[in-house]
Amino acid sequence: MKRRIQHSVPLLAAMLLSACAAPQLSAPVLDLPAGFKEAQTPERAADGSRWQPARPAEARARGLWWLAFNDTVLNGLIDDASAANANLAVAAARVRQARALAGVAEADRGVQLDAQLGAQRGRAANHALGLPPGAAVGVGNTWQGKLAASYEVDLFGRVAASVGAAQADAAASEANYRSVLLALQADVAQTYFRLRATDAELATLERTVRLREQSVQVNQRRFDLGELGEFDLARAKTELATARAEAIGLQRQRVGAEHALAVLLGKPAASFAFAVQPLEEGGAVPAIPAGLPSALLERRPDITAAQRAMVAANARIGLARSAVFPALALTGAGGGESDTLASLFKWDARSWVVGALMSMPLIDGGRNKANIARSEAALDESVASYRQSVLTAFAEVEDNLAGLRILAGQGEQLDAAVLSARRSADLAQKLYQAGRSSYLDLLDAQRNLASVERNAVQLRGNRYVSTVALIRSLGGGWTVQ
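In this report, the structure presented in the accompanying data block is examined.

## Digging into the side chain of E201
Mapped onto the elements, E201 comes out in helix α5 (residues 158–224). One polar contact links E201 to R454, side chain to side chain, over a distance of 2.5 Å. Residues contacting E201, with those up to four places away along its chain left out, are L250, R454, V457 and Q458.

Given below as C-alpha coordinates:
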(Lines give C-alpha, C1' and ligand atoms only; values in the text may rest on other atoms or scores of the structure.)
Protein backbone atom coordinates (compact mmCIF):
# COMPACT_ATOMS: atom_id res chain seq x y z
CA MET A 1 0.00 0.00 0.00
CA LYS A 2 2.84 2.36 0.86
CA ARG A 3 4.59 1.57 -2.44
CA ARG A 4 1.36 2.24 -4.33
CA ILE A 5 1.01 5.63 -2.67
CA GLN A 6 4.63 6.50 -3.50
CA HIS A 7 4.02 5.71 -7.16
CA SER A 8 0.80 7.70 -7.13
CA VAL A 9 2.33 10.94 -5.85
CA PRO A 10 4.25 11.88 -9.06
CA LEU A 11 1.25 10.93 -11.16
CA LEU A 12 -1.04 13.07 -9.02
CA ALA A 13 1.37 16.00 -9.18
CA ALA A 14 1.57 15.72 -12.97
CA MET A 15 -2.21 15.67 -13.22
CA LEU A 16 -2.50 18.76 -11.05
CA LEU A 17 0.15 20.61 -13.04
CA SER A 18 -1.52 19.80 -16.34
CA ALA A 19 -4.88 20.82 -14.96
CA CYS A 20 -3.74 24.33 -14.03
CA ALA A 21 -1.36 24.93 -16.93
CA ALA A 22 -2.35 27.09 -19.87
CA PRO A 23 -3.55 25.16 -22.91
CA GLN A 24 -1.16 24.54 -25.78
CA LEU A 25 -1.51 27.54 -28.10
CA SER A 26 -1.45 26.83 -31.81
CA ALA A 27 -1.87 29.37 -34.58
CA PRO A 28 -5.42 29.55 -35.95
CA VAL A 29 -5.89 27.64 -39.17
CA LEU A 30 -6.35 30.16 -41.98
CA ASP A 31 -7.15 29.30 -45.56
CA LEU A 32 -4.53 31.57 -47.12
CA PRO A 33 -3.88 31.76 -50.86
CA ALA A 34 -0.54 30.88 -52.39
CA GLY A 35 -0.38 34.25 -54.10
CA PHE A 36 -2.27 37.50 -54.41
CA LYS A 37 -5.14 37.59 -56.89
CA GLU A 38 -3.69 40.67 -58.51
CA ALA A 39 -0.60 38.76 -59.67
CA GLN A 40 -0.60 38.40 -63.44
CA THR A 41 1.28 35.15 -63.06
CA PRO A 42 2.32 33.22 -59.94
CA GLU A 43 5.73 34.90 -60.16
CA ARG A 44 4.84 38.43 -61.18
CA ALA A 45 3.14 41.29 -59.37
CA ALA A 46 0.38 43.37 -60.91
CA ASP A 47 2.78 46.20 -61.72
CA GLY A 48 5.17 43.85 -63.53
CA SER A 49 7.74 43.60 -60.72
CA ARG A 50 9.00 40.28 -59.46
CA TRP A 51 7.23 38.54 -56.60
CA GLN A 52 9.58 37.48 -53.87
CA PRO A 53 9.32 36.37 -50.25
CA ALA A 54 9.98 38.97 -47.60
CA ARG A 55 13.23 38.46 -45.76
CA PRO A 56 12.76 40.71 -42.72
CA ALA A 57 10.40 39.52 -39.99
CA GLU A 58 8.27 41.96 -38.04
CA ALA A 59 10.65 42.24 -35.11
CA ARG A 60 13.54 43.34 -37.32
CA ALA A 61 14.20 46.96 -38.17
CA ARG A 62 12.19 48.47 -40.98
CA GLY A 63 13.84 49.75 -44.12
CA LEU A 64 13.75 53.44 -44.90
CA TRP A 65 11.14 52.84 -47.56
CA TRP A 66 10.46 56.53 -48.19
CA LEU A 67 13.98 56.94 -49.60
CA ALA A 68 12.75 55.14 -52.71
CA PHE A 69 10.89 58.34 -53.67
CA ASN A 70 14.19 60.29 -53.86
CA ASP A 71 12.64 63.32 -52.15
CA THR A 72 14.75 65.15 -49.58
CA VAL A 73 11.77 67.20 -48.36
CA LEU A 74 9.80 64.04 -47.62
CA ASN A 75 12.80 62.57 -45.79
CA GLY A 76 12.99 65.61 -43.53
CA LEU A 77 9.26 65.62 -42.81
CA ILE A 78 9.27 61.97 -41.74
CA ASP A 79 12.28 62.57 -39.49
CA ASP A 80 10.54 65.55 -37.88
CA ALA A 81 7.31 63.62 -37.35
CA SER A 82 9.13 60.65 -35.82
CA ALA A 83 10.75 62.98 -33.31
CA ALA A 84 7.75 65.14 -32.35
CA ASN A 85 4.44 63.39 -33.08
CA ALA A 86 2.21 63.20 -29.99
CA ASN A 87 0.51 59.89 -30.86
CA LEU A 88 3.91 58.26 -31.29
CA ALA A 89 4.98 59.60 -27.89
CA VAL A 90 1.82 58.07 -26.37
CA ALA A 91 2.64 54.69 -27.94
CA ALA A 92 6.24 54.88 -26.68
CA ALA A 93 5.02 55.63 -23.14
CA ARG A 94 2.72 52.60 -23.30
CA VAL A 95 5.68 50.43 -24.26
CA ARG A 96 7.59 51.64 -21.20
CA GLN A 97 4.57 50.94 -19.00
CA ALA A 98 4.18 47.41 -20.38
CA ARG A 99 7.88 46.68 -19.90
CA ALA A 100 7.68 47.94 -16.32
CA LEU A 101 4.68 45.70 -15.62
CA ALA A 102 6.62 42.76 -17.04
CA GLY A 103 9.40 43.63 -14.59
CA VAL A 104 6.90 43.69 -11.72
CA ALA A 105 5.67 40.21 -12.66
CA GLU A 106 9.22 38.91 -13.06
CA ALA A 107 10.06 40.11 -9.53
CA ASP A 108 7.70 37.46 -8.11
CA ARG A 109 10.09 34.74 -9.27
CA GLY A 110 12.69 35.69 -6.68
CA VAL A 111 12.94 35.96 -2.91
CA GLN A 112 11.37 39.07 -1.39
CA LEU A 113 13.52 40.60 1.36
CA ASP A 114 12.34 43.41 3.65
CA ALA A 115 14.00 45.34 6.46
CA GLN A 116 11.86 46.10 9.49
CA LEU A 117 12.58 48.48 12.34
CA GLY A 118 9.94 49.47 14.87
CA ALA A 119 9.02 50.18 18.48
CA GLN A 120 6.00 49.34 20.62
CA ARG A 121 4.80 50.39 24.04
CA GLY A 122 2.08 48.51 25.81
CA ARG A 123 0.81 46.43 28.74
CA ALA A 124 0.04 42.73 28.52
CA ALA A 125 -3.15 41.24 29.94
CA ASN A 126 -2.92 39.40 33.29
CA HIS A 127 -4.43 36.22 31.86
CA ALA A 128 -1.94 36.28 29.00
CA LEU A 129 0.87 36.32 31.51
CA GLY A 130 -0.74 33.69 33.77
CA LEU A 131 -1.19 36.16 36.63
CA PRO A 132 -4.18 36.40 38.93
CA PRO A 133 -6.64 39.23 38.44
CA GLY A 134 -5.52 42.49 40.00
CA ALA A 135 -1.82 41.61 39.89
CA ALA A 136 0.37 44.52 39.00
CA VAL A 137 1.64 44.43 35.42
CA GLY A 138 4.00 47.11 34.25
CA VAL A 139 3.98 49.03 30.99
CA GLY A 140 6.94 48.18 28.81
CA ASN A 141 8.69 49.09 25.57
CA THR A 142 9.64 46.68 22.82
CA TRP A 143 12.17 47.44 20.09
CA GLN A 144 12.44 45.26 17.01
CA GLY A 145 14.88 45.16 14.12
CA LYS A 146 14.52 42.33 11.61
CA LEU A 147 15.08 41.10 8.10
CA ALA A 148 12.05 39.29 6.71
CA ALA A 149 12.17 37.04 3.62
CA SER A 150 9.40 35.37 1.67
CA TYR A 151 9.28 33.17 -1.40
CA GLU A 152 6.36 31.69 -3.28
CA VAL A 153 6.98 28.19 -4.53
CA ASP A 154 5.47 28.13 -8.00
CA LEU A 155 3.80 24.76 -7.58
CA PHE A 156 1.09 25.21 -10.18
CA GLY A 157 2.54 27.80 -12.52
CA ARG A 158 0.85 30.94 -11.19
CA VAL A 159 4.01 33.02 -11.25
CA ALA A 160 5.15 31.63 -14.60
CA ALA A 161 1.74 32.35 -16.16
CA SER A 162 1.74 35.88 -14.76
CA VAL A 163 5.23 36.54 -16.14
CA GLY A 164 4.33 35.04 -19.52
CA ALA A 165 1.22 37.17 -19.82
CA ALA A 166 3.07 40.35 -18.87
CA GLN A 167 5.90 39.65 -21.31
CA ALA A 168 3.41 38.96 -24.11
CA ASP A 169 1.62 42.22 -23.27
CA ALA A 170 4.95 44.06 -23.50
CA ALA A 171 5.70 42.46 -26.87
CA ALA A 172 2.23 43.41 -28.12
CA SER A 173 2.77 46.96 -26.93
CA GLU A 174 6.07 47.14 -28.82
CA ALA A 175 4.37 45.84 -31.97
CA ASN A 176 1.62 48.45 -31.53
CA TYR A 177 4.31 51.12 -31.29
CA ARG A 178 5.81 49.97 -34.57
CA SER A 179 2.33 49.97 -36.08
CA VAL A 180 1.77 53.57 -34.94
CA LEU A 181 5.20 54.53 -36.31
CA LEU A 182 4.46 52.95 -39.68
CA ALA A 183 1.05 54.62 -39.81
CA LEU A 184 2.65 57.97 -38.96
CA GLN A 185 5.29 57.64 -41.68
CA ALA A 186 2.65 56.65 -44.24
CA ASP A 187 0.29 59.45 -43.19
CA VAL A 188 3.07 62.03 -43.53
CA ALA A 189 4.01 60.73 -46.99
CA GLN A 190 0.40 60.57 -48.20
CA THR A 191 -0.45 64.04 -46.86
CA TYR A 192 2.73 65.40 -48.44
CA PHE A 193 1.88 63.96 -51.85
CA ARG A 194 -1.72 65.16 -51.57
CA LEU A 195 -0.43 68.66 -50.87
CA ARG A 196 1.88 68.56 -53.87
CA ALA A 197 -0.89 67.14 -56.08
CA THR A 198 -3.16 69.97 -54.94
CA ASP A 199 -0.43 72.47 -55.80
CA ALA A 200 -0.14 70.93 -59.25
CA GLU A 201 -3.91 71.06 -59.67
CA LEU A 202 -3.90 74.70 -58.55
CA ALA A 203 -1.20 75.45 -61.12
CA THR A 204 -3.44 73.92 -63.80
CA LEU A 205 -6.38 76.02 -62.62
CA GLU A 206 -4.24 79.16 -62.55
CA ARG A 207 -3.32 78.58 -66.19
CA THR A 208 -7.01 78.18 -66.95
CA VAL A 209 -7.79 81.43 -65.10
CA ARG A 210 -5.13 83.31 -67.06
CA LEU A 211 -6.53 81.89 -70.29
CA ARG A 212 -10.03 82.96 -69.28
CA GLU A 213 -8.78 86.46 -68.40
CA GLN A 214 -7.17 86.80 -71.80
CA SER A 215 -10.37 85.60 -73.43
CA VAL A 216 -12.43 88.19 -71.55
CA GLN A 217 -10.02 90.95 -72.56
CA VAL A 218 -10.11 89.95 -76.23
CA ASN A 219 -13.89 89.58 -76.24
CA GLN A 220 -14.30 92.92 -74.48
CA ARG A 221 -12.29 94.68 -77.17
CA ARG A 222 -14.22 92.94 -79.93
CA PHE A 223 -17.50 93.81 -78.21
CA ASP A 224 -16.45 97.45 -77.94
CA LEU A 225 -15.64 97.42 -81.67
CA GLY A 226 -18.96 95.84 -82.46
CA GLU A 227 -17.42 92.62 -83.77
CA LEU A 228 -18.92 90.43 -81.04
CA GLY A 229 -22.28 90.09 -79.43
CA GLU A 230 -22.92 90.49 -75.70
CA PHE A 231 -23.76 86.79 -75.39
CA ASP A 232 -20.17 85.69 -76.13
CA LEU A 233 -18.77 88.32 -73.75
CA ALA A 234 -21.10 87.17 -70.97
CA ARG A 235 -20.10 83.55 -71.52
CA ALA A 236 -16.41 84.49 -71.30
CA LYS A 237 -16.97 86.33 -68.01
CA THR A 238 -18.96 83.38 -66.65
CA GLU A 239 -16.16 80.96 -67.47
CA LEU A 240 -13.62 83.27 -65.80
CA ALA A 241 -15.67 83.57 -62.60
CA THR A 242 -16.23 79.81 -62.52
CA ALA A 243 -12.52 79.08 -62.87
CA ARG A 244 -11.66 81.55 -60.09
CA ALA A 245 -14.27 79.96 -57.80
CA GLU A 246 -12.81 76.51 -58.40
CA ALA A 247 -9.33 77.82 -57.58
CA ILE A 248 -10.59 79.34 -54.31
CA GLY A 249 -12.27 76.04 -53.36
CA LEU A 250 -9.05 74.17 -54.08
CA GLN A 251 -7.16 76.61 -51.86
CA ARG A 252 -9.46 75.62 -49.01
CA GLN A 253 -8.62 71.97 -49.63
CA ARG A 254 -4.91 72.80 -49.59
CA VAL A 255 -5.20 74.64 -46.26
CA GLY A 256 -6.83 71.59 -44.69
CA ALA A 257 -4.07 69.30 -45.92
CA GLU A 258 -1.42 71.73 -44.68
CA HIS A 259 -2.99 71.81 -41.22
CA ALA A 260 -3.18 68.00 -41.15
CA LEU A 261 0.53 67.82 -41.97
CA ALA A 262 1.29 70.26 -39.15
CA VAL A 263 -0.49 68.01 -36.64
CA LEU A 264 1.47 64.97 -37.87
CA LEU A 265 4.70 66.92 -37.39
CA GLY A 266 3.69 67.91 -33.86
CA LYS A 267 3.54 71.61 -34.74
CA PRO A 268 0.78 74.22 -34.25
CA ALA A 269 -1.16 74.73 -37.45
CA ALA A 270 -0.98 78.51 -37.00
CA SER A 271 2.82 78.53 -37.15
CA PHE A 272 3.31 75.99 -39.94
CA ALA A 273 3.48 76.80 -43.64
CA PHE A 274 4.28 74.42 -46.48
CA ALA A 275 5.84 76.04 -49.53
CA VAL A 276 4.10 75.53 -52.85
CA GLN A 277 5.68 72.52 -54.55
CA PRO A 278 3.62 71.12 -57.43
CA LEU A 279 3.96 67.41 -58.15
CA GLU A 280 5.95 67.22 -61.33
CA GLU A 281 4.70 65.45 -64.42
CA GLY A 282 6.58 62.29 -65.30
CA GLY A 283 7.88 61.62 -61.76
CA ALA A 284 8.93 58.02 -61.18
CA VAL A 285 6.76 56.11 -58.70
CA PRO A 286 8.79 53.28 -57.12
CA ALA A 287 7.72 49.74 -58.02
CA ILE A 288 7.00 47.67 -54.91
CA PRO A 289 7.63 43.90 -54.88
CA ALA A 290 4.52 42.72 -53.08
CA GLY A 291 6.00 39.55 -51.58
CA LEU A 292 4.26 36.29 -50.78
CA PRO A 293 1.21 36.05 -48.51
CA SER A 294 3.18 34.19 -45.82
CA ALA A 295 5.65 37.06 -45.66
CA LEU A 296 2.83 39.46 -44.88
CA LEU A 297 2.27 37.66 -41.58
CA GLU A 298 5.90 38.31 -40.65
CA ARG A 299 6.05 41.99 -41.53
CA ARG A 300 2.78 43.54 -40.41
CA PRO A 301 3.14 44.96 -36.87
CA ASP A 302 -0.61 44.85 -36.27
CA ILE A 303 -0.65 41.12 -37.02
CA THR A 304 2.27 40.62 -34.64
CA ALA A 305 0.41 42.58 -31.96
CA ALA A 306 -2.61 40.31 -32.46
CA GLN A 307 -0.37 37.24 -32.12
CA ARG A 308 1.13 38.54 -28.87
CA ALA A 309 -2.35 39.28 -27.56
CA MET A 310 -3.26 35.62 -28.14
CA VAL A 311 -0.18 34.52 -26.20
CA ALA A 312 -1.07 36.82 -23.30
CA ALA A 313 -4.69 35.64 -23.23
CA ASN A 314 -3.56 32.03 -23.28
CA ALA A 315 -1.18 32.62 -20.37
CA ARG A 316 -3.98 34.18 -18.34
CA ILE A 317 -5.96 30.97 -18.66
CA GLY A 318 -3.14 29.24 -16.79
CA LEU A 319 -3.14 32.08 -14.26
CA ALA A 320 -6.87 31.69 -13.66
CA ARG A 321 -6.62 27.92 -13.35
CA SER A 322 -3.75 28.12 -10.84
CA ALA A 323 -5.96 30.09 -8.43
CA VAL A 324 -8.01 26.91 -7.83
CA PHE A 325 -5.02 24.98 -6.47
CA PRO A 326 -2.93 25.39 -3.31
CA ALA A 327 -0.37 28.15 -2.98
CA LEU A 328 2.78 27.56 -0.94
CA ALA A 329 4.65 30.46 0.61
CA LEU A 330 7.93 30.10 2.54
CA THR A 331 8.71 32.83 5.06
CA GLY A 332 11.51 33.63 7.42
CA ALA A 333 12.57 36.48 9.67
CA GLY A 334 15.55 37.16 11.89
CA GLY A 335 16.86 40.05 13.90
CA GLY A 336 16.79 41.52 17.38
CA GLU A 337 14.09 42.23 19.94
CA SER A 338 14.68 44.14 23.18
CA ASP A 339 13.09 46.44 25.69
CA THR A 340 15.70 49.12 25.01
CA LEU A 341 17.13 50.49 21.79
CA ALA A 342 20.67 50.25 23.12
CA SER A 343 20.50 46.47 23.55
CA LEU A 344 18.51 45.78 20.34
CA PHE A 345 21.52 44.53 18.37
CA LYS A 346 23.20 42.53 21.14
CA TRP A 347 23.62 38.79 20.73
CA ASP A 348 21.22 37.95 23.52
CA ALA A 349 18.47 39.99 21.81
CA ARG A 350 18.48 37.81 18.70
CA SER A 351 15.28 36.15 17.50
CA TRP A 352 14.23 34.26 14.40
CA VAL A 353 11.27 32.47 12.90
CA VAL A 354 10.70 30.35 9.80
CA GLY A 355 7.48 29.05 8.41
CA ALA A 356 5.57 27.65 5.48
CA LEU A 357 2.00 28.48 4.62
CA MET A 358 -0.15 26.41 2.30
CA SER A 359 -3.46 27.98 1.30
CA MET A 360 -6.18 27.18 -1.18
CA PRO A 361 -9.76 28.30 -1.72
CA LEU A 362 -12.57 26.09 -0.47
CA ILE A 363 -15.72 28.11 -1.02
CA ASP A 364 -15.50 31.16 -3.28
CA GLY A 365 -19.01 31.37 -4.64
CA GLY A 366 -17.83 30.32 -8.11
CA ARG A 367 -15.42 33.24 -8.49
CA ASN A 368 -12.47 31.19 -9.74
CA LYS A 369 -14.63 29.18 -12.11
CA ALA A 370 -16.01 32.41 -13.55
CA ASN A 371 -12.47 33.80 -13.93
CA ILE A 372 -11.44 30.70 -15.88
CA ALA A 373 -14.46 31.05 -18.16
CA ARG A 374 -13.70 34.73 -18.67
CA SER A 375 -10.05 34.06 -19.56
CA GLU A 376 -11.06 31.33 -22.01
CA ALA A 377 -13.54 33.71 -23.65
CA ALA A 378 -10.81 36.35 -23.82
CA LEU A 379 -8.63 33.86 -25.70
CA ASP A 380 -11.45 33.18 -28.15
CA GLU A 381 -11.78 36.93 -28.65
CA SER A 382 -8.05 37.35 -29.33
CA VAL A 383 -8.08 34.46 -31.82
CA ALA A 384 -10.99 36.03 -33.69
CA SER A 385 -9.21 39.40 -33.65
CA TYR A 386 -6.09 37.77 -35.07
CA ARG A 387 -8.08 36.17 -37.88
CA GLN A 388 -9.72 39.50 -38.64
CA SER A 389 -6.33 41.26 -38.69
CA VAL A 390 -4.97 38.75 -41.19
CA LEU A 391 -8.02 38.97 -43.45
CA THR A 392 -7.94 42.77 -43.30
CA ALA A 393 -4.24 42.78 -44.16
CA PHE A 394 -4.70 40.67 -47.27
CA ALA A 395 -7.71 42.73 -48.34
CA GLU A 396 -5.69 45.94 -48.01
CA VAL A 397 -2.86 44.54 -50.14
CA GLU A 398 -5.31 43.34 -52.79
CA ASP A 399 -7.06 46.72 -52.77
CA ASN A 400 -3.84 48.65 -53.24
CA LEU A 401 -2.45 46.30 -55.87
CA ALA A 402 -5.71 46.55 -57.80
CA GLY A 403 -5.75 50.31 -57.32
CA LEU A 404 -2.24 50.72 -58.72
CA ARG A 405 -3.04 48.48 -61.66
CA ILE A 406 -6.19 50.43 -62.48
CA LEU A 407 -4.47 53.77 -61.99
CA ALA A 408 -1.70 52.69 -64.34
CA GLY A 409 -4.28 51.89 -67.02
CA GLN A 410 -6.06 55.18 -66.41
CA GLY A 411 -2.79 57.03 -66.64
CA GLU A 412 -2.04 55.67 -70.08
CA GLN A 413 -5.46 56.71 -71.35
CA LEU A 414 -5.31 60.15 -69.73
CA ASP A 415 -1.87 60.82 -71.21
CA ALA A 416 -3.32 60.17 -74.64
CA ALA A 417 -6.38 62.27 -73.78
CA VAL A 418 -4.24 65.24 -72.68
CA LEU A 419 -2.33 65.23 -75.98
CA SER A 420 -5.55 65.01 -77.96
CA ALA A 421 -7.28 67.72 -75.88
CA ARG A 422 -4.34 70.10 -76.28
CA ARG A 423 -4.37 69.59 -80.03
CA SER A 424 -8.14 70.10 -80.11
CA ALA A 425 -7.93 73.32 -78.09
CA ASP A 426 -5.17 74.66 -80.32
CA LEU A 427 -7.20 73.95 -83.47
CA ALA A 428 -10.33 75.47 -81.94
CA GLN A 429 -8.41 78.65 -81.10
CA LYS A 430 -7.14 78.98 -84.69
CA LEU A 431 -10.56 78.28 -86.23
CA TYR A 432 -12.20 80.84 -83.94
CA GLN A 433 -9.62 83.47 -84.76
CA ALA A 434 -10.19 82.78 -88.46
CA GLY A 435 -13.93 83.16 -87.98
CA ARG A 436 -14.61 79.58 -89.00
CA SER A 437 -16.12 78.40 -85.68
CA SER A 438 -18.19 79.86 -82.87
CA TYR A 439 -16.99 80.99 -79.47
CA LEU A 440 -18.97 78.15 -77.91
CA ASP A 441 -16.85 75.65 -79.83
CA LEU A 442 -13.71 77.30 -78.48
CA LEU A 443 -15.04 77.30 -74.92
CA ASP A 444 -16.00 73.68 -75.19
CA ALA A 445 -12.49 72.69 -76.35
CA GLN A 446 -10.79 74.78 -73.65
CA ARG A 447 -13.11 73.46 -70.95
CA ASN A 448 -12.42 69.88 -72.02
CA LEU A 449 -8.66 70.48 -71.95
CA ALA A 450 -8.80 71.97 -68.45
CA SER A 451 -10.87 69.02 -67.19
CA VAL A 452 -8.55 66.41 -68.70
CA GLU A 453 -5.44 68.14 -67.34
CA ARG A 454 -6.95 68.31 -63.85
CA ASN A 455 -7.88 64.64 -64.01
CA ALA A 456 -4.33 63.77 -65.05
CA VAL A 457 -2.89 65.76 -62.13
CA GLN A 458 -5.29 64.12 -59.66
CA LEU A 459 -4.42 60.67 -60.96
CA ARG A 460 -0.72 61.45 -60.61
CA GLY A 461 -1.23 62.27 -56.96
CA ASN A 462 -3.40 59.19 -56.45
CA ARG A 463 -0.63 56.95 -57.78
CA TYR A 464 1.81 58.29 -55.19
CA VAL A 465 -0.75 58.02 -52.39
CA SER A 466 -1.71 54.47 -53.43
CA THR A 467 1.95 53.43 -53.60
CA VAL A 468 2.46 54.57 -50.00
CA ALA A 469 -0.73 52.73 -49.02
CA LEU A 470 0.64 49.53 -50.55
CA ILE A 471 3.91 49.93 -48.66
CA ARG A 472 1.96 50.40 -45.45
CA SER A 473 -0.22 47.36 -46.10
CA LEU A 474 2.92 45.27 -46.70
CA GLY A 475 4.32 46.20 -43.29
CA GLY A 476 6.60 49.05 -44.32
CA GLY A 477 9.43 47.22 -46.02
CA TRP A 478 10.43 44.93 -48.84
CA THR A 479 13.56 43.36 -50.19
CA VAL A 480 14.92 43.62 -53.70
CA GLN A 481 17.13 40.85 -55.02
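The discussion continues.
## Brief notes about the sheet that holds strand β4 (residues 350–359)
Here we have four strands laid out as an open sheet, ordered β1-β2-β3-β4, and antiparallel in their pairing. Only two strands of the sheet have a single neighbouring strand rather than two, namely β1 (112–122) and β4. Across the sheet, the mean angle separating the axes of adjacent strands is 20° when strand polarity is ignored. Pairing geometry for β1 and strand β2 (residues 140–153), over eleven bridges, is antiparallel. Paired with D114 across the two strands is A148, which belongs to β2.

## Some remarks on the nonpolar core
Of all hydrophobic cores here, the largest spans 46 residues; its most connected members are W65, F69, L74, V188, F193 and L261. Those elements that place two or more of their residues in this core are α2 (72–84), α5, α6 (230–264), α7 (293–299), α8 (301–322), α9 (367–433) and α10 (439–473). Sort the elements by how many residues they give to this core and α5 lands first, with ten residues. Among the nonpolar cores identified, the runner-up in size contains twelve residues, and V209, L240, A428 and Y432 belong to it.

## What about the pattern of salt bridges?
Here the structure, examined in full by the defined rule, presents 19 salt bridges. A salt bridge links R109 to E106, with the shortest nitrogen-to-oxygen separation between them at 3.0 Å. Accessibility expressed as a relative area gives 33% for E106, which makes it partly exposed. Each of D199, R254 and E258 takes part in a single network of salt bridges with overlapping partners.

## Description of the packing of α5 against α10
Here α5 crosses α10 at 170°, and the two axes come no closer than 8 Å. One way to sum up the angle between α5 and α10 is to call them roughly antiparallel. Of the residues assigned to the contact of α5 with α10, the class counts are 16 nonpolar, eight polar and ten charged.

Here is what the cut-offs are and how they apply
- Residues numbered from 1 in each chain as written.
- Predicted model: local features only at pLDDT ≥ 70, side-chain atom pairs only at ≥ 80, totals over all residues.
- Heavy atoms only, no water.
- Helix = DSSP H or I, 4+ residues; strand = E, 2+ residues; numbered from the N terminus.
- Polar contact = N/O pair within 3.5 Å; in protein donor to acceptor, adjacent residues only side chain to side chain.
- Contact = heavy atoms within 4.5 Å.
- Pairing = 2+ DSSP bridges.
- Axes fitted to C-alpha atoms, helices over the stretch in contact; angles between N-to-C directions.
- Core = buried A, V, L, I, M, F, W, Y, C linked by side-chain atoms within 4.5 Å.
- Buried < 20%, exposed > 50% of the residue type's maximum accessible area, 1.4 Å probe, protein only.
- Salt bridge = Lys/Arg side-chain N within 4 Å of Asp/Glu carboxyl O.
- Parallel < 35°, antiparallel > 145°, perpendicular 65-115°, else oblique.
- Nonpolar A, V, L, I, M, F, W, Y, C, P; charged D, E, K, R; others polar.

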